[in-house]
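Secondary and tertiary structure notes
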2 protein chains.
Amino acid sequence: MIRILLVEDQAMMRGALAVLLGLEDDLEVVAQVGTGTEIVPTALEVRPDVALLDIELPGISGLEAARELAARLPECRVMILTTFSRPGYVREAMAAGAVGFLVKDGPVEELADAIRRVLRGETVLDPALAAATLRAAPNPLTARERDVLAASEDGSSIADIAGRLFLSPSTVRNYLSAAIGKTGTRNKTEAALAARRNGWLG
Amino acid sequence: MIRILLVEDQAMMRGALAVLLGLEDDLEVVAQVGTGTEIVPTALEVRPDVALLDIELPGISGLEAARELAARLPECRVMILTTFSRPGYVREAMAAGAVGFLVKDGPVEELADAIRRVLRGETVLDPALAAATLRAAPNPLTARERDVLAASEDGSSIADIAGRLFLSPSTVRNYLSAAIGKTGTRNKTEAALAARRNGWLG
DNA sequence: AGCGGCCACTGACAATTGTCACCGCCGGGT
DNA sequence: ACCCGGCGGTGACAATTGTCAGTGGCCGCT
C-alpha cells in the first residue's frame, strides 16, 4: 500500500483527487492539507511514502516545503503537481530533490501511474518540458531585483515599494531598471509579469 | 439518469470530476470539453440536462456560452463552477439565466447534490456569496473603459493600447483616467487589477 | 592586494503617465 | 426642442517612471 500525502489548495480539486486515488487498490491517501504551512508537520506525523505537492499555496510555497521535506524526511519522495509549467518551477523542483513533476492539464489517468513509477525509483518528468526548461535561460535576477519585482506586482508606485522594502526610491528605480533590462521588457509591469511567467519570483 | 455536459479547461480537474460524477448512479457525464468554443455545438448535439461551466476558458468565456445556451437550448440548466467568487461573475451568471453558482474551493461532496437540486428546480447559490454580491457595487465602467483596461492588463504602454484599439493616445489616457477614478486606484496597473478582481472585465 | 559582483544610494535628464478643461458628435429620454 | 451621457478628440500641465553615470561598502576569489 502506497501512503500518499496530498497537498492542494483548491478544496474541490483536492477532494476529487483524493477520491480518485482512493479508487486504486494499491494507493491510500493518508492525509490531505490545503496550505503550505501544514505540509511539514503533517508529513512528520503521518510519514507518507509520497508527498504530492501543489506549488502556489497559502503560507509557504510547495517548493520551499519540498526543500524542507528533503532535509527532514528524506525517505519521503516528493512530487510536484502544478498548474504552471514555468521553467523556473521545474528547475527549482529538481534542485529541491523532487522526483516527479506533473502538470494539471495532463490526463488524470497518468497520475496514479506516475506515483507508482516514482515509488519504483523512476523520475517522472515530461521530456518536452525538461527540454524546454533546459532551453530557457536560468533566472538572471538578483535577490534584490526579485524582491522589488514581487513588490511591484500589485501595481504599487515606486515610492510605495521603497517604503515597504525600506529602500530609497532611487535604489528601487535602479533595481527595476536592471530587471527591465534583464527581462527584455519596457516597464515595471511587463517586467513583473515576465518574471512571474518564468517562475523567477518563487 | 441526469445527463451532464462538463466544461473545464484543466484536463486533470475535468477528468477527476468526470470520474467522480460517474460514480453516482443517477448521474452521467455525456460529454466533456475543454474550450469555450466547443460548448454550444456540443450541447446542441448531446442535449444534456445540465451544463456545468467553468468561466475562464480558452475561446469564449463560460458566461457568454451561458447566454447563448439560454437562447438556443432553454431546456438545458446552466450551472457555473469557477475558481473565483467575483461579484461581477455572480451577477452576470444570474443575468445569463444560470441556476447554480459553485466555487471550486467548496467541498466536492456538494457537487453531485447541487446538480440534483438544480434538476429539482432549485437555484443553488451560497447565501453569503449572494449577499456579498449585492453589497458590492455593480460594474461602473463603460464599454470603452473596459476595453482599455483589458488592453492594459499586460503592461502595455498607452501608445500600444491606442494602436491596438485604433484610438488616439489622448483618448486612451482619458478613459484610463476615468477608470482609475471609478476604481479608486492610483494608476492603470492597479485599476486593471481591481477591475479584474471584481469581475468587471468579462 | 587586487578584481568583480552585488548592494545601496545620489543627482540629472528624458520619456511616459495621469489630470484637467474643453471641443464636437451622436442617440435616448422627457 | 432640450438635456444628458457616452464616445473621440486636443492641448497644457504636473507627477511618476525609466535611464544613465557615478559614489562607496562589503564579500569572495585568486
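The preceding data block contains the structure.
I will try to describe carefully the structure that is included in this document.

The rules behind the values
Residues numbered from 1 in each chain as written. Chains lettered and ligands numbered in written order. Predicted model: local features only at pLDDT ≥ 70, side-chain atom pairs only at ≥ 80, totals over all residues. Heavy atoms only, no water. Buried < 20%, exposed > 50% of the residue type's maximum accessible area, 1.4 Å probe, protein only. Helix = DSSP H or I, 4+ residues; strand = E, 2+ residues; numbered from the N terminus. Pairing = 2+ DSSP bridges. Right-handed = clockwise from strand over helix to strand, strands pointing away. Phe/Tyr/Trp six-rings, centres within 6.5 Å; stacked < 30°, edge-to-face > 60°. Lys NZ or Arg CZ within 6 Å of the ring centre and 35° of its normal. Contact = heavy atoms within 4.5 Å. Axes fitted to C-alpha atoms, helices over the stretch in contact; angles between N-to-C directions. Least-squares fit on C-alpha atoms with pLDDT ≥ 70 in both. Near = heavy atom within 4 Å. Polar contact = N/O pair within 3.5 Å; in protein donor to acceptor, adjacent residues only side chain to side chain. Nonpolar A, V, L, I, M, F, W, Y, C, P; charged D, E, K, R; others polar. Core = buried A, V, L, I, M, F, W, Y, C linked by side-chain atoms within 4.5 Å. Arc of directions from axis to C-beta. Parallel < 35°, antiparallel > 145°, perpendicular 65-115°, else oblique. Left-handed = near helix turned anticlockwise from the far one by under 90°. Buried area = accessible area lost by both parts, 1.4 Å probe. Salt bridge = Lys/Arg side-chain N within 4 Å of Asp/Glu carboxyl O.

Structural notes on the pairing of strand β3 (residues 50-53) of chain A
Residue and element names in this part refer to chain A. What you see with β3 is no split at all: V50 and L52 on one side and A51 and L53 on the other are buried throughout. As judged from the 4 bridges shared by strand β1 (residues 2-7) and β3, these two strands associate in the parallel manner. Bridge pairing in β3 places L6 opposite L52. Traced from β3 through helix α3 (residues 62-72) to strand β4 (residues 77-82), the parallel crossover comes out right-handed.

Describing the packing of aromatic side chains
Scanning the model with the defined rule gives 0 aromatic pairs over all chains in all. Over the aromatic face of A:F84 sits the side chain of A:R86, whose NZ or CZ is 4.0 Å from the ring centroid.

A few points about the sheet that holds strand β6 (residues 124-125) of chain B
Residue and element names in this part refer to chain B. If you walk across this open sheet you meet the 6 strands as β2-β1-β3-β4-β5-β6, and the pairing is parallel. Pairing within the sheet leaves two strands with one partner each, and these edge strands are β2 (27-33) and β6. Sheet topology places strand β4 (residues 77-82) next to strand β5 (residues 100-103); 4 bridges connect them, and they run parallel. In the sheet register, T82 faces β5, and the bridge partner there is V103. The strands that helix α1 (residues 11-23) touches are β1 (2-7), β2, β3 (50-53) and β4; relative to β2, the one it contacts most, it runs at about 160°.

Topic: the relation of the copies chain B and chain A
The two copies are related by a screw motion: chain B maps onto chain A through a turn of 180° and a shift of 0.0 Å along the axis, at an RMSD of 0.0 Å. Taken together, the rotation and translation describe the operation of a two-fold axis.

Quick look at the protein's contact with DNA strand C
Close to DNA strand C lie 18 residues, the nearest being A:T142, A:R144, A:S170, A:Y175 and B:R173. Expressed as a percentage, the sugar and phosphate content of the atoms of DNA strand C within 4 Å of the protein is 54%. One nitrogen or oxygen atom from the main chain of A:S168 is found 2.8 Å from a phosphate oxygen belonging to DNA strand C. Contact between DNA strand C and A:N174: a base nitrogen at 2.8 Å from a side-chain N or O atom of the residue. Of all elements in the fold, only α7 (143-152) and α9 (169-183) of chain A together with α9 (169-183) of chain B reach the threshold of two or more residues within the surface near DNA strand C. Class assignment of the residues belonging to the surface near DNA strand C gives a composition of 5 nonpolar, 9 polar and 4 charged.

Considering the nonpolar core
In this structure, A:I115 and B:I115 are the most contacted members of the largest nonpolar core, which totals 46 residues. Apart from the residues lying within four places of it in its own chain, the contact partners of A:I115 are A:I2, A:I4, A:L21, A:L27, A:V50, A:L52 and A:M79.

Remarks on the protein's contact with DNA strand D
As a matter of local geometry, DNA strand D sits amid 18 residues, with A:R173, B:T142, B:R144, B:S168 and B:Y175 nearest to it. Within 4 Å of the protein, the contacting atoms of DNA strand D are drawn from sugar and phosphate to the extent of 52%. Within the backbone of A:K188, one N or O atom sits 2.9 Å away from a phosphate oxygen of DNA strand D. In the model, a phosphate oxygen of DNA strand D is placed 2.8 Å from a nitrogen or oxygen of the B:S168 main chain. Of all the elements in the fold, those that place two or more residues in the surface near DNA strand D are α9 of chain A together with α7 (143-152) and α9 of chain B. If one sorts the elements of the surface near DNA strand D by residue count, α9(B) sits on top with 5 residues. Its residues assigned to classes, the surface near DNA strand D comprises 5 nonpolar, 9 polar and 4 charged.

Overview of helix α3 (residues 62-72) of chain B
Residues and elements named next belong to chain B. Among all positions of α3, only G62, L63, A65, A66 and L69 are buried. Projected down its long axis, α3 carries its buried residues within an arc of 155°, all on one side. If you check the start of α3, you find a side-chain oxygen 3.1 Å away from the backbone N of L63, and it comes from S61.

Points about the sheet that holds strand β6 (residues 124-125) of chain A
All names here are of chain A. Here we have 6 strands laid out as an open sheet, ordered β2-β1-β3-β4-β5-β6, and parallel in their pairing. The open sheet has two free edges, formed respectively by β2 (27-33) and β6, since each of these has just one partner strand. Direction of pairing for strand β5 (residues 100-103) relative to β6: parallel, over a ladder of 2 bridges. Counted as the bridge partner of G100 is V124 from β6. Running over the sheet, α3 touches β3 and β4 and is turned about 165° from β3.

Let's talk about the packing of helix α2 (residues 39-46) of chain A against α3(A)
All names here are of chain A. It is at 10 Å that the axes of α2 and α3 come closest, and there the two elements cross at 30°. It follows from the interaxial angle that α2 and α3 lie roughly parallel. In this structure, α2 meets α3 at a crossing whose hand is right-handed. Of the residues in α3, those touching α2 at I39, V40, A43 and L44 are A65, E68, L69 and R72.

Side note on the interface of chain B and chain A
The interface of chain B with chain A comprises 27 residues on the first partner and 27 residues on the second. When the two sides are added together, the surface that chain B and chain A hide from each other amounts to roughly 2200 Å², 68% of it contributed by carbon and sulfur. Looking only at chain B, the three residues that lose the most surface to chain A are B:Q10, B:M12 and B:V108, adding up to 28% of its buried area. Linking chain B with chain A are 0 salt bridges, by the criterion used here. At the boundary of chain B and chain A, one finds 9 residue pairs in polar contact (both at pLDDT 80 or more). Considering each element in turn, the side of chain B that touches chain A owes the most residues, 9 residues, to α1(B).

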